[in-house]
Amino acid sequence: MAEVTAPRGSVRLRSVTKTYGSGETALTALGGVDLEIEPGEMVVVLGPSGSGKTTLLNVIGGIESADGGEIQVAGVDLTGRPPRELVAFRRDRIGFVFQFFNLVPTLTARENVEVMIELTGRGDRRRVPELLAAVGLTERMDHFPAQLSGGQQQRVSIARSLATDPDLLLADEPTGALDQATGKSVLKLLQETNRQGRTVLMVTHNAAVAAIAHRVITMRDGNISSMEKNATPADAVSVGW
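The model shown is predicted, which means the values in this text are computed figures rather than measured ones.

(A) Geometry of the packing of helix H3 (residues 109-120) against helix H5 (residues 150-162). Where H3 meets H5, the axes come as close as 8 Å, and the angle between the chain directions of the two elements is 25 degrees. By the angle class used here, H3 and H5 are roughly parallel. As for the relative orientation of H3 and H5, their crossing is right-handed in sense. When H3 is examined against H5, the residues Ala-109, Asn-112, Val-113 and Met-116 are found in contact with a partner set consisting of Val-156, Ala-159 and Arg-160. Residue composition of the contact of H3 with H5, grouped by class: five nonpolar, one polar and one charged.

Shown next as structure tokens:
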């Protein structure tokens, strides 16, 4: 997979399009999106259901291929890459946090993080206790998902996403299934991850979350309708809900 001259964690999209279906039933999810994200930024993407925000995240993360345009992510040119190369890219370079935690129910918290290292061949298993401690799960690392609260499971998901030292962390509605207090705790973890120098791109329907970002992008009908900078991002614990 070709490398381009770009810093880790950077994102460059040029006229990116994505359409689902064809003919009269065709749905334009991305209508020619241009976007640049700098390394170390925290960017929040807002928009109503069907606005294209999750498709944008999926294209950047190599989960889906764009129909047209140019895509460069974390120093890799994704334009026109076959599925097998996109699989390798997202395995090796991207961390994902989803609304639903996707933990393996028969593995402990520790094992759910370790399995990512085993599958990718990246990261160090000796760091797993450190990662789980960083998300406040030192006392719960040998518990199974069913023995953890929703917030604790999301913390395991975040630790797992960081286990391979990804260039970019993509979060799709990471607080959508959580109560206010737990959601703020997860946002705090994401913000701390960003403050350590990792680029974070988060999709959410909750406009209040935008306060913690360096930049806020709003999407509508498959296009970026507005883009604003926060001069001083708020601390996650102060976010309204």
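So much for the structure itself; the text now carries on.
(B) Geometry of the sheet that holds strand E1 (residues 11-20). The antiparallel open sheet is built from four strands, whose spatial order is E2-E1-E4-E5. In this open sheet, the two strands that pair with only one neighbour each are strand E2 (27-37) and strand E5 (76-77). Taken together, the five bridges between E1 and strand E4 (residues 68-73) define a ladder with antiparallel strand orientation. When the bridges of E4 are listed, Arg-14 appears paired with Glu-70. Together, E1, E2 and E4 form the strand contacts of helix H1 (residues 53-60), whose direction differs from that of E2 by roughly 60 degrees.

(C) Local environment of the packing of aromatic side chains. In total, this model carries one aromatic pair according to the counting rule given. Where Phe-96 meets Phe-98, the ring centres are 5.7 Å apart and the plane angle is 5 degrees; that geometry is what we call stacked.

(D) Main features of the pattern of salt bridges. On inspection of all chains with the given rule, the structure shows 15 salt bridges. The salt bridge involving Arg-126 is made with Asp-124; its shortest N-O contact spans 3.0 Å. By relative accessible area, which is 27% here, Asp-124 ends up partly exposed. Members of the salt-bridge network, linked through shared partners, are Arg-12, Arg-14, Glu-36 and Glu-38.

(E) Expanded view of the environment of Ala-234. Counting through the fold element by element, Ala-234 comes out in the segment after strand E10 (223-229). Relative accessible area serves as the criterion here: at 22%, Ala-234 is assigned to the partly exposed category. If near-sequence neighbours (up to four positions away) are discounted, Ala-234 is found in contact with Gln-191, Ala-211 and Ile-212.

(F) Region of interest: the sheet that holds strand E9 (residues 215-220). Reading across from one edge, E6-E7-E8-E3-E9-E10 is the order of the six strands in this open sheet, with mixed pairing throughout. At either end of the open sheet lies a strand with only one pairing partner, and these are strand E6 (94-98) and E10. Taken pair by pair, the neighbouring strands of this sheet meet at an average axis angle of 20 degrees, ignoring direction. By the bridge criterion, six bridges tie E9 to E10 in an arrangement that is antiparallel. The partner of Arg-215 across the bridge, within E10, is Lys-229. Across the face of the sheet, H1 comes into contact with strand E3 (42-46), strand E7 (168-172), strand E8 (199-203) and E9 while running at roughly 150 degrees to E7. Where helix H2 (residues 83-93) meets the sheet, it contacts E6 and E7, and its direction lies at approximately 85 degrees from that of E6.

Scoring rules and cut-offs
Residues numbered from 1 in each chain as written. Predicted model: local features only at pLDDT ≥ 70, side-chain atom pairs only at ≥ 80, totals over all residues. Heavy atoms only, no water. Axes fitted to C-alpha atoms, helices over the stretch in contact; angles between N-to-C directions. Helix = DSSP H or I, 4+ residues; strand = E, 2+ residues; numbered from the N terminus. Parallel < 35°, antiparallel > 145°, perpendicular 65-115°, else oblique. Left-handed = near helix turned anticlockwise from the far one by under 90°. Contact = heavy atoms within 4.5 Å. Nonpolar A, V, L, I, M, F, W, Y, C, P; charged D, E, K, R; others polar. Pairing = 2+ DSSP bridges. Phe/Tyr/Trp six-rings, centres within 6.5 Å; stacked < 30°, edge-to-face > 60°. Salt bridge = Lys/Arg side-chain N within 4 Å of Asp/Glu carboxyl O. Buried < 20%, exposed > 50% of the residue type's maximum accessible area, 1.4 Å probe, protein only.

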